[in-house]
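What follows is the residue order along each chain.
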Amino acid sequence: MVVSDTPAELPNVRKCRICKYTTTNPSHLISHQNIHAIECLGIRVYRCKAENCHFIAESRNGLSIHRKVSGHTGQLHQCPECSYTSVNMSNITVHLDTVH
């Protein structure tokens, strides 16, 4: 599931009726709303605690993947030749190949 802070002014933006989540992808909204349904049943969900992040996962693994991909772990990789940083080491490799 991908959480988006899509501006509400954009065309085709879909909004959650329960919280501030918005997306342009209908399937993402369905997945997101399933989280609210799961919470109503008393089943635990996992929320990202990063500032301004509304991500909610059904499992710890889902939250862990989100944190790694989004950079909410605080772990950044830096280019050895300049100040470029990324949460994904593969981005550093592409950067090195294309910029340096």
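Nothing here was measured: the structure is a model prediction, and the numbers come from that model.

A. Expanded view of the overall build of the protein. When helices and strands are counted, the protein shows 3 helices and 6 strands. Counting from the amino terminus, the protein carries its helices and strands in the arrangement β-β-α-β-β-α-β-β-α. The proportion of buried residues among the 100 residues of the protein is 27%. Put simply, of all contacts in the protein between residues at least 6 apart along the chain, 11% involve residues at least 24 apart. Total accessible area on the protein stands at roughly 7000 Å², and carbon and sulfur atoms take up 51% of it.

B. Local environment of the pattern of salt bridges. By the definition in use, this model includes 1 salt bridge. A salt bridge links arginine 47 to glutamate 39; the shortest N-O distance between them is 2.2 Å. Accessibility expressed as a relative area gives 43% for arginine 47, which makes it partly exposed.

C. A look at the environment of arginine 14. On the secondary structure map, arginine 14 appears in strand β1 (residues 14–15). With 15 residues separating them in the primary sequence, arginine 14 and leucine 29 have C-alpha atoms 7.1 Å apart. At 2.7 Å, the side chain of arginine 14 forms a polar contact with the backbone oxygen of asparagine 12.

D. Geometry of the nonpolar core. Membership of the largest hydrophobic core is limited to 6 residues, which are Tyr46, Cys48, Cys53, Phe55, Ala57 and Leu63. Sequence-distant contacts of cysteine 48, that is, excluding residues within four places in its chain, are made with Cys53, Phe55, Leu63, His66 and His72.

E. Up close: the side chain of threonine 23. Tracing the backbone through its elements, the reader meets threonine 23 in strand β2 (residues 22–23). On the basis of relative accessible area, threonine 23 is assigned to the buried category, the value being 3%. Within polar-contact distance, the side chain of threonine 23 engages the backbone nitrogen of asparagine 25 at 3.1 Å.

F. Highlighting the state of the cysteines. Here the structure, examined in full by the defined rule, presents 0 disulfides. Summary of cysteine pairing: cysteine 53 is not part of a disulfide, and the nearest cysteine sulfur, belonging to cysteine 48, is at 3.7 Å.

G. Expanded view of the side chain of histidine 95. Mapping histidine 95 onto the fold places it in helix α3 (residues 89–99). Using a relative accessible area of 10% as the deciding quantity, one classes histidine 95 as buried.

H. A look at the confidence of the model for the protein. Of all residues in the protein, 89% attain a pLDDT of 70 or more, and the chain-wide mean is 83. Under a pLDDT of 50 for its full length, residues 1–5 has, in the predicted model, 17 contacts with residues more than four places off or in other chains.

The rules behind the values
Residues numbered from 1 in each chain as written. Predicted model: local features only at pLDDT ≥ 70, side-chain atom pairs only at ≥ 80, totals over all residues. Heavy atoms only, no water. Helix = DSSP H or I, 4+ residues; strand = E, 2+ residues; numbered from the N terminus. Buried < 20%, exposed > 50% of the residue type's maximum accessible area, 1.4 Å probe, protein only. Contact = heavy atoms within 4.5 Å. Areas by Shrake-Rupley, 256 points an atom, 1.4 Å probe, with all protein chains shown as cover. Salt bridge = Lys/Arg side-chain N within 4 Å of Asp/Glu carboxyl O. Polar contact = N/O pair within 3.5 Å; in protein donor to acceptor, adjacent residues only side chain to side chain. Core = buried A, V, L, I, M, F, W, Y, C linked by side-chain atoms within 4.5 Å. Disulfide = S-S within 2.5 Å. pLDDT = per-residue confidence, 0-100.

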